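Tertiary structure, described
Listed below are the residues making up each chain.
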Amino acid sequence: MRRPNAKLVALLAVAVAWTTVPNYVSESTRDIKTVMSRHLADDVSAEALVALEAAAPGVGVPCTAGFAGPYTCENVDLEGLVPLAQLGGAAGNDSWGWTSADGQDIAMMGTGRNVAFVDVTDPTTPTVIGLLPTPDGDTTEADGAIWRDMKVVNDHAFIVSERGGGVQVVDLNALAANPLGPTGIVEPVTTYKGLPSGVYHLDGFHNIVANDETDTIYLVGVDSHNQGGMIFLDVADPAKPTIAGRFSHGLTIHDAQCTIYRGPDADYNGNYAGPDMDGDADNGSQAELCFTFDEDEINIVDVSDKKNPTVVNTIDYTALNGAGTPGADNAVTGFYAHQGWLTQHHDFLIFNDELDELNTRVGALTGGTTTYWVELADLDAKDDDGRFNGAPVQHHKHDTLATDHNLYVKGDLIFEANYTAGLRVLRYPEEGLRNGELTEVGFFDVDPGVDSAGFAGAWNVYPFFESGTILVSSLDEGLYTLRFNDPAEVS
């Protein structure tokens, strides 16, 4: 028998506590995040738009004396905001970015109704250039498809939703060259649904993962597919995806990072016995590894051979969770390995837990937002039970109470989208990580005055534009364009 889904149980418990909104709980368990977003959010987007309208052209609203318009901040300026109504309506969710060969920065943001494509080349005047509706039509729920995700390989966006419809593929070069305008409907070059039947008949997925170095898309996050594992797509020809393989270990993979490994373990970098995934004989052979976040554990999976993926190691971080002493009921009451990212030299894995802040059993409601990491000098290090024991899991307690959601690493900075605490920017000297140290160097609070565990505010951050523009997508206000002013670069 499949155990209860930890995340769903916790979401239901919190939603039921709000007795004023029982109608939303009964409508759809998938839309509980939108219930909480309405009750936790402090929507000040109208005030923000007024501040942006009054700003000097091309400047935005700088963070001054702790405020950028209505938002509290430190070292992060507000450059632009596209309200949800202009993005297609309903609740917001995930986001990603892409830059064309001629330097156009294009943002993508999911809503309950569609994916919106936004030209943010000038981040002070973000402009919607097209909308991609939900495949197979809309839904009857008020908030549509609350879970939607997108990634980019070979200048094409690959988009999935739990609501179904397969994988939508959009040619970003074509869209950037011929923008359709704020209400224009984007036509995908294909909507790939795999094989006619069986495990490879592709429908809805919670998440999508990409490795552009190997032209591979990984579909994750729905129990009805592949026993919750991953399905691999070869997208070397983006218009004609093909099945490359699959991986299943009986657990739900919520998210993952898949990359050619360039870290300190020579067994997988330089002396790897399998296929050389980077094709550069001068640096030896390297593996392609996926770091999968599987609710109450993290797995390192070797996917170099797509027909024969294997588990390298398992990190059972709940046994070392910094929020408190775990009990026998972890599966139900609030540990959820959600998402994470490797540091720039692949020697640490930084990750988050989406339920620990809500878990009263471990005291997290008073302990606050927690970011975790583990050093990975020896990927094969195992104890007698076959679990990773190369280094202890460490943690950093923020000075906020908010639930942390998605994070990404760029250089020596960690960019976190922490729901009601908004964007948080942390610096990690590697020796500091070994000593259990992280330092916050900036923030932008998209829900000013609200700081509590739960699901409203910042869903995702995209920090990878070379221009320095940062995207933050929120459930309840829209898409922000921001700029981080690194205090380390100020002379």
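Residues numbered from 1 in each chain as written. Predicted model: local features only at pLDDT ≥ 70, side-chain atom pairs only at ≥ 80, totals over all residues. Heavy atoms only, no water.

Turning next to the pattern of salt bridges. Scanning all chains against the criterion turns up 11 salt bridges. With its nearest N and O atoms 3.1 Å apart, the salt bridge here joins R483 to E79. Of the two residues, R483 sits in strand β32 (residues 478–484) while E79 sits in strand β3 (residues 76–83), which places them 404 residues apart along the sequence. Owing to a relative accessible area of 23%, R483 belongs among the partly exposed residues under this scheme. For E79, a relative accessible area of 8% corresponds to the buried category. (Salt bridge = Lys/Arg side-chain N within 4 Å of Asp/Glu carboxyl O. Helix = DSSP H or I, 4+ residues; strand = E, 2+ residues; numbered from the N terminus. Buried < 20%, exposed > 50% of the residue type's maximum accessible area, 1.4 Å probe, protein only.)

Averaged over the protein chain, the pLDDT score is 86; the fraction of residues at 70 or greater is 84%. A low-confidence stretch, residues 361–366 stays under pLDDT 50, and its non-local contacts, those more than four residues away or across chains, total 21 contacts. (pLDDT = per-residue confidence, 0-100. Contact = heavy atoms within 4.5 Å.)

This next bit is on the state of the cysteines. Per the stated rule, a full pass over the model turns up two disulfides. Disulfide partner of C63: C73, at an S-S distance of 2.1 Å. Disulfide C63-C73: the torsion about the S-S bond is 105°, which places it as right-handed. Remark: C73 occurs in strand β2 (residues 71–74) and C63 occurs in the loop between α4 (45–54) and β1 (67–68); sequence separation between them is 10 residues. For C73, a relative accessible area of 5% puts it in the buried group. (Disulfide = S-S within 2.5 Å.)

Of all the positions in α4, only S45, A48 and L52 are classed as buried. All buried residues of α4 lie within an arc of 55° about the axis, which places them on one face of the element. Counted as exposed and oriented over 90 degrees from the buried face of α4: A46, V50, E53 and A54. In this fold, the buried residues of α4 make contact with β2 and β3. (Arc of directions from axis to C-beta.)

Let us look at unusual backbone geometry. Note: most residues except glycine have negative phi, and most peptide bonds are trans. A positive phi is found at A90, a non-glycine position, where the angle reads about 65°. Note that A90 resides in the loop between α5 (84–87) and β4 (92–99). Given the relative accessible area of 26%, A90 is considered partly exposed. Even without glycine at this site, Y419 takes up a positive phi of about 45°. Its location among the elements puts Y419 in the loop between β27 (413–417) and β28 (423–427).

One can find N299 in strand β20 (residues 298–302). Residue N299 is classed as buried on the basis of its relative accessible area, which comes to 2%. Among the polar contacts listed, one links the side chain of N299 to the side chain of D294, at a separation of 2.8 Å. Sequence-distant contacts of N299, that is, excluding residues within four places in its chain, are made with H249, L251, C290, F291, T292, D294, V311, N313 and T314. (Polar contact = N/O pair within 3.5 Å; in protein donor to acceptor, adjacent residues only side chain to side chain.)

A separate point is the sheet that holds strand β13 (residues 216–220). What the four strands build is an open sheet, ordered β12-β13-β14-β15; its pairing is antiparallel. One side of each edge strand has no neighbouring strand; the edge strands of this open sheet are β12 (207–211) and β15 (242–247). Between one strand axis and the next, the sheet turns through 25° on average, direction left out of account. (Pairing = 2+ DSSP bridges. Axes fitted to C-alpha atoms, helices over the stretch in contact; angles between N-to-C directions.)

A word on the side chain of R427. Structurally, R427 is set in strand β28. Within the structure, R427 has its side chain in polar contact with the side chain of D412 (distance 3.1 Å). Not counting the four nearest positions on each side in its chain, R427 is found in contact with D412, L413, L438, T439, V441, D486 and A488.

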